[in-house]
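Residue strings, one per chain:
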Amino acid sequence: MAMRAHPHPLLQALVGDEAVEAFLSDEAELSALLETEAALARAQAKAGLIEEVAAQRIAEACRSFQPDWSDLAEGLARDGVVVPAFVRQLRAAVGEPHAKAVHLGATSQDMIDTALVLRLKGVVEILGRRISDLTSALRDLRARDGAMTLMAHTRMQQALPFTAADKIDTWLQPLERHAERLENLAPRLLVVQLGGPVGTRCEMKGHGDAVADAVAEILGLGYGPSWHSQRDRIGEFAGFLSLLSGTLGKIGQDLTLMAQNEVGEVRLASGGGSSAMPHKSNPVQAEVLIALARYNAGLLGTLHQALVHENERSGAAWTLEWLVLPQMVTATAAGLHKAQALVKGMSFLPSSVAAH
């Protein structure tokens, strides 16, 4: 099921993010799967494919469902996807005579992908808020310190004097574009998946489009055709994550250079200590932004390999998404959190070089 981005507690303290990782846990995925199955039953009852009493019983079972996690893990190892074992357990919980109405006309990928999108909806909201908070913090910093004179550097060499506002704009303007990108991307990403065995909705007796539309409405997602092997929406989201991390990495890189003792153009609120040199204050959080940017840039190439879906479904490409996307989401969210803390706690110092 879900892949934890950073399973090591010590590393988690440096590069993890509990808020988004809550959406990536096994428990969150199971909850989304149950929500999706209940929505499917409601939509199919509305279309007359199953009885209303069956939909009600499925909804009740989803609300009170108690999973056998060991059986789910064994099923995942055996089937390559958790849904067959999950559906068996859910049908047992629903009981006769309505068990056969569970998961009617759907396939494992419908459940997994829709459950993913449901959770990404919460992730997108967090990322959007954090981008907004970071841009606000940068604007406040520009208003306070923007007139201060700094020395610009090109190709790591002193160039000409400019202001702190000029420097801040190189961080702020890309973030403003990222906010716009996310707003435009979200409707393409947050789309229900319902195609049935081969993506044609043929198992729903001509009601497939109506059922998919109703499921989307119930879950608060967008409607669209089945996209089983069309992974561009996931690839586009991953590209956004890498771009955003790259912008944060540029902020981190600038701060590490400006915080050098011999440059001294910024003061950071706190730094990391050294085991051998107690006088040092290392720009750890800025360094983490650089590392996360490079990490996501590398993962993007791996994630985009999952765009190559053979025919109508690929187990290999699908599994690759599960391995990589949670790590990219967590790295991006962690970067935003750290960048905001850095910006709120920093101050510019007048450049002694620029003054002369």
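The structure displayed is predicted, hence computed values, not measured ones. In this numbering scheme, every chain counts its residues from 1 along its sequence in written order. With the structure being a predicted model, the display of local features is reserved for residues of pLDDT at least 70 and the display and counting of side-chain atom pairs for 80 or more, all residues being used for whole-chain, interface and lining totals. Excluding hydrogens and water, the side-chain figures rest on all heavy atoms present in the structure.

### Here's the deal with the overall build of the chain
Secondary structure elements are taken from DSSP: a helix is a run of H or I of four residues or more, a strand is a run of E of two residues or more, and numbering for both begins at the N terminus. Along its length, the chain carries 13 helices and four strands. Its C-alpha atoms give the chain principal-axis dimensions of about 85 × 40 × 35 Å. Note on classification: 1.4 Å probe, protein chains only; a residue is buried when its accessible area is under 20% of the maximum for its type, exposed when over 50%, partly exposed between these limits. Counting every position in the chain, which comprises 356 residues, the buried fraction comes to 53%. Per element, the accessible surface of the chain, about 16,500 Å² overall, is 53% carbon and sulfur. None of His or the chain ends enter the tally, which takes Lys and Arg as positive and Asp and Glu as negative. Charged groups are reduced to one reference atom each: NZ for lysine, CZ for arginine, CG for aspartic acid, CD for glutamic acid. With 32 positive and 40 negative side-chain charges, the chain shows a separation of 4 Å between the mean positions of the two kinds. For the area figures, the Shrake-Rupley method with a 1.4 Å probe applies, and any residue is considered shielded solely by the protein chains shown.

### Let's talk about the packing of aromatic side chains
Paired rings are identified among Phe, Tyr and Trp, the last through its six-membered ring, by centres lying within 6.5 Å, and are further divided according to the angle between planes into stacked (under 30 degrees), edge-to-face (over 60) and tilted (the rest). Under the defined criterion, the tally for this structure stands at four aromatic pairs. Aromatic pair Trp171 and Phe348: ring centres 6.3 Å apart, planes at 20°, arrangement stacked. You can see Trp171 sitting in helix 8 (residues 164-189) and its partner Phe348 sitting in strand 4 (residues 347-348), a full 177 residues away along the chain. Considered together, Trp171 and Phe348 belong to a single accessibility category, that of buried residues. With a centroid separation of 6.5 Å and 15° between ring planes, the pair formed by Phe237 and Phe240 is classed as stacked. Residue Phe237 and its partner Phe240 are located together in helix 10 (residues 232-258), separated by three residues, close to a single helical turn. Cation over ring: Arg233 sits above Trp227, and NZ or CZ is 4.7 Å from the ring centre. Working rule: Lys NZ or Arg CZ, within 6 Å of ring centre, within 35 degrees of ring normal, means a charge sits over the ring.

### Quick notes on the nonpolar core
Counting 100 residues, the largest nonpolar core has Phe237 and Phe348 as the members making the most contacts within it. Looking at which element gives the most residues to this core, the answer is helix 7 (residues 108-145), with 16 residues. Residues grouped as a nonpolar core are buried Ala, Val, Leu, Ile, Met, Phe, Trp, Tyr and Cys residues, joined through side-chain atoms within 4.5 Å. Ranked by size, the runner-up nonpolar core spans five residues in total, among them Val15, Val288, Leu292 and Ala334.

### Re the packing of helix 7 against helix 12 (residues 315-345)
Only C-alpha atoms enter the line fits that serve as axes; for helices the fit covers just the stretch in contact. Angles between N-to-C directions range over 0 to 180 degrees. One can describe the packing of helix 7 onto helix 12 by two numbers: an axis separation of 9 Å at closest approach and a directional angle of 15°. When the interaxial angle is binned, helix 7 and helix 12 end up roughly parallel. Note that helix 7 runs across helix 12; the crossing there is left-handed. Considered class by class, the residues forming the contact of helix 7 with helix 12 number 19 nonpolar, five polar and four charged. Here roughly perpendicular refers to angles of 65 to 115 degrees, roughly parallel to angles under 35, roughly antiparallel to angles over 145, and oblique to all remaining angles. Should the near helix be turned counterclockwise from the far one by less than a right angle, the crossing is left-handed, whereas a clockwise turn marks it as right-handed. Put simply, Ala, Val, Leu, Ile, Met, Phe, Trp, Tyr, Cys and Pro go in the nonpolar bin, Asp, Glu, Lys and Arg in the charged bin, and everything else, Gly too, in the polar bin.

### Considering the pairing of strand 2 (residues 157-163)
As a general feature of sheets, a regular strand has side chains that alternate between the two faces. Strand pairing requires that DSSP identify at least two bridges connecting the strands. Across five bridges, strand 1 (residues 149-154) lies against strand 2 in antiparallel orientation. Bridging from a neighbouring strand, Thr149 pairs with Thr163 of strand 2. Counting the residues that bridge the hairpin from strand 1 to strand 2 gives two residues, and of these Arg155 lies at a positive phi of roughly 55°.

### Section: unusual backbone geometry
Omega for the bond connecting Glu96 with Pro97 falls within 30 degrees of zero, at 10°, which places this linkage in the cis form. Inspection of the secondary structure assignment puts Pro97 in the loop between helix 6 (83-94) and helix 7. Despite not being glycine, His103 shows a phi value in the positive range, around 70°. The class of His103 is buried, set by a relative accessible area of 12%. With phi around 55°, Lys205 is a residue other than glycine that occupies positive phi space. Note on placement: Lys205 falls in the loop between helix 8 and helix 9 (208-219).

### Considerations on the pattern of salt bridges
For this analysis, a salt bridge means a side-chain nitrogen from Lys or Arg found within 4 Å of a carboxyl oxygen belonging to Asp or Glu. One pass over the full model with this rule turns up 12 salt bridges. Residue Arg57 pairs with Glu60 through a salt bridge whose shortest N-O separation is 3.4 Å. Here the residue Arg57 and the residue Glu60 both occupy positions in helix 4 (residues 52-64), the gap between them amounting to three residues, near one helical turn. Bridged by salt links that share partners, the residues Asp113, Arg231 and Glu321 form one connected network.

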